[in-house]
Amino acid sequence: MRFTTLAGLATLAASAAAELTPITIRGNAFFSGNSRFYVRGVDYQPGGASDPKDPLADTAICGRDIPAMKELGLNAVRVYIVDSAADHDECMKMLDDAGIYLILDVNTPFHSITRDNPSLSYNEVYLQHVFGTMDVFSKYPNLMAYFAGNEVVDNENNTAAATYVKATVRDMKAYQKARKLRAIPVGYSAADVAQNRQLIAEYMNSGTKEERVDFHAFNDYSWCGSASSFQISGYDQKVKNYTGYGIPTFLSEFGCNLNPPRTFTEIESIYHTNMTGVFSGGLVFEWSQEPNNYGLVQVSKDLKTIDTLVDYDNLKTMYENVPNPTGDGGATLTDGSASECPSKIPGAWDAECTLPNMPQKAEVYFNSGAGKALGLDGPSNQWTEPSGTGTSDTPATSTSSSSSSPNAAPLPMPSVNLMAITSIASIIFTGFLGGLAVFL
Ligand SMILES: *[C@@H]1O[C@H](CO)[C@@H](O)[C@H](O)[C@H]1NC(C)=O
Ligand SMILES: *[C@@H]1O[C@H](CO)[C@@H](O)[C@H](O)[C@H]1NC(C)=O
Ligand SMILES: *[C@@H]1O[C@H](CO)[C@@H](O)[C@H](O)[C@H]1NC(C)=O
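The name given to the protein chain in an unreviewed UniProt entry is 1,3-beta-glucanosyltransferase, with the source organism recorded as Dactylellina haptotyla. Its UniProt record gives the protein chain the following Function (unreviewed entry) comment, quoted word for word: "Splits internally a 1,3-beta-glucan molecule and transfers the newly generated reducing end (the donor) to the non-reducing end of another 1,3-beta-glucan molecule (the acceptor) forming a 1,3-beta linkage, resulting in the elongation of 1,3-beta-glucan chains in the cell wall." Within the UniProt record for the protein chain, the comment given under Subcellular location (unreviewed entry) is "Cell membrane".

Next comes the structure, spelled out in structure tokens:
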């Protein structure tokens, strides 16, 4: 099927004023009013991770895609990068009219906690970016949740970065309170690294209510093709591991593409009571066809039209055939308790249970706001270490040094979506070990 921009714009013109109900959290589940809410979503980054664009700043793009998203039966999209200086009103309204919530990553290629020097990147420039993004997005009723980070920890040797992501989570929650913004849930999207996926889930949900994530999600490519199953994929083990986890969790990326075309048989398990007691659905990777071959739709060269691909049709059929469970789907609706903060493990886990203080220079934002959202053109927080100028408010724990100046051009794509690399790595890893049983 072919969709064009005009269809979306026509929908916008005709739309009524109804607004989606903001999503809330009860126990380990999301709710829309009194109904349990399961994410039936996709990851939306036309242009791919290598050429990221804000798809919600351009009605020619979102207007082209949203009617096809609605047709597919989606209720959520995740966007990895937005330009906080741009206007998102029309695209957000089109999403709302289509019944679609936004799950938003607050980072960009120029604004993120870096793996290589996390303490230095946790600075007032970063928090100005994050808070400014929240200022402009929190007004939308269909903003479901924020990701404070995506796959920042992607290995055993960069787990220290989790400390600064969690500090950011704490600061985002505090900023919402201080500025009386709607309390939009804040979470983290973890890489599927077998060595630390359990540790990071516990870590993010440990500590005081003020510093814990509101929900936790992870990217997962373990269900490959229709020969897989609830057991073969290891989903059953993940259900076991997350049973008793006090907050909602969902798959922030899924859809292994080793056996194309994808048939998405995992939908039968994800929205089955086998999983819904602890999982709240997931996001299929990804909307548009990019070189790594995970697309549901093909965008034309002139960007004006999209054609749905066979994966789109297969996913649509699965969504249509697999309803959500009735009632609360087996969720635990009482307030969950915190997890225990994992102790350090030499060479494998290095995140701090005591978080660093917020950079002093960022405190002013709590009283007078973060100021103008500067978007992609704003200064980068990815400073390299200043040579003894002491301009960083963070403790001098970092060791790497370089000759470039503060606010130098960012290192290549530090902690935004590196999904392509990660998933290929995990696929190779899986292949090497000759099976998921071993991988898990
Ligand atoms: C961390 O490990 C990865 C892969 O094992 C390696 O490529 C990378 O250089 C390591 N980073 C550091 C800082 O040691
Ligand atoms: C389940 O948790 C254990 C530690 O409690 C961990 O070793 C294992 O890798 C986890 N399994 C999965 C599938 O996440
Ligand atoms: C649900 O779990 C049972 C028992 O583990 C399994 O036999 C069945 O295939 C699962 N069904 C789905 C749809 O995951």
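A.B. asks: Which parts of the structure should I look at to understand the overall build of the protein chain?
C.D. replies: Counting its regular elements, the protein chain contains 14 helices and 14 strands. Across the 440 residues of the protein chain, 51% fall into the buried class. Across the protein chain, contacts joining residues at least 24 apart in sequence account for 83% of those joining residues at least 6 apart.

A.B. asks: Help me understand the pairing of strand E7 (residues 101–105), please; the structure alone is not making it clear to me.
C.D. replies: Residues in a regular strand project their side chains so that they alternate between the two faces of the sheet. Burial runs high along E7: five of the five residues are buried. In terms of strand pairing, strand E6 (residues 76–79) meets E7 through four bridges, oriented parallel. Note that in E7 the partner of Arg 78 across the bridge is Ile 103. Considered for its hand, the β-α-β crossover made up of E6, helix H3 (residues 89–97) and E7 is right-handed. Here four bridges tie E7 to strand E8 (residues 143–150), and the two strands are oriented parallel to one another. Residue pairing for E8: Leu 104 is matched across the bridge by Tyr 146.

A.B. asks: Where do I start with the site of ligand 3 in this structure?
C.D. replies: All residues in the neighbourhood of ligand 3 are listed as Phe 230, Asp 236, Glu 268, Ser 269, His 272 and Asn 274. Among the residues making up the shell around ligand 3, the classes are represented as one nonpolar, three polar and two charged.

A.B. asks: Even after reading the chapter, I still don't get the packing of helix H5 (residues 124–137) against helix H6 (residues 161–178), so can you show me in this structure?
C.D. replies: In helix packing, the relevant descriptors are the interaxial angle and the interaxial distance, both defined with respect to the helix axes. Relative to each other, H5 and H6 sit at 45°, their axes nearing to 11 Å. Taken together, H5 and H6 sit at an angle that is classed as oblique. Both H5 and H6 take part in a crossing whose hand is right-handed. Facing H5, whose interface residues are Leu 127, Val 130, Phe 131 and Met 134, H6 presents Thr 168, Asp 171, Met 172, Tyr 175 and Gln 176. Classifying every residue of the contact of H5 with H6 by side-chain character gives six nonpolar, two polar and one charged.

A.B. asks: Looking at this structure, how should I read the packing of helix H2 (residues 59–72) against H3?
C.D. replies: At their nearest, the axes of H2 and H3 sit 9 Å apart, and the two run at 5° to each other. Classified by the interaxial angle, the pair formed by H2 and H3 is roughly parallel. When H2 is examined against H3, the residues Thr 59, Cys 62, Gly 63 and Ile 66 are found in contact with a partner set consisting of Glu 90, Cys 91, Met 94 and Leu 95. Among the residues forming the contact of H2 with H3, the class breakdown is five nonpolar, two polar and one charged.

Basis of the calculations
- Residues numbered from 1 in each chain as written.
- Chains lettered and ligands numbered in written order.
- Predicted model: local features only at pLDDT ≥ 70, side-chain atom pairs only at ≥ 80, totals over all residues.
- UniProt positions renumbered as here; feature names shortened; annotations may be inferred.
- Helix = DSSP H or I, 4+ residues; strand = E, 2+ residues; numbered from the N terminus.
- Buried ≥ 20, exposed ≤ 12 C-beta atoms within 10 Å, placed from the backbone.
- Contact = placed C-beta atoms within 7 Å.
- Pairing = 2+ DSSP bridges.
- Right-handed = clockwise from strand over helix to strand, strands pointing away.
- Near = placed C-beta within 6 Å.
- Nonpolar A, V, L, I, M, F, W, Y, C, P; charged D, E, K, R; others polar.
- Axes fitted to C-alpha atoms, helices over the stretch in contact; angles between N-to-C directions.
- Parallel < 35°, antiparallel > 145°, perpendicular 65-115°, else oblique.
- Left-handed = near helix turned anticlockwise from the far one by under 90°.

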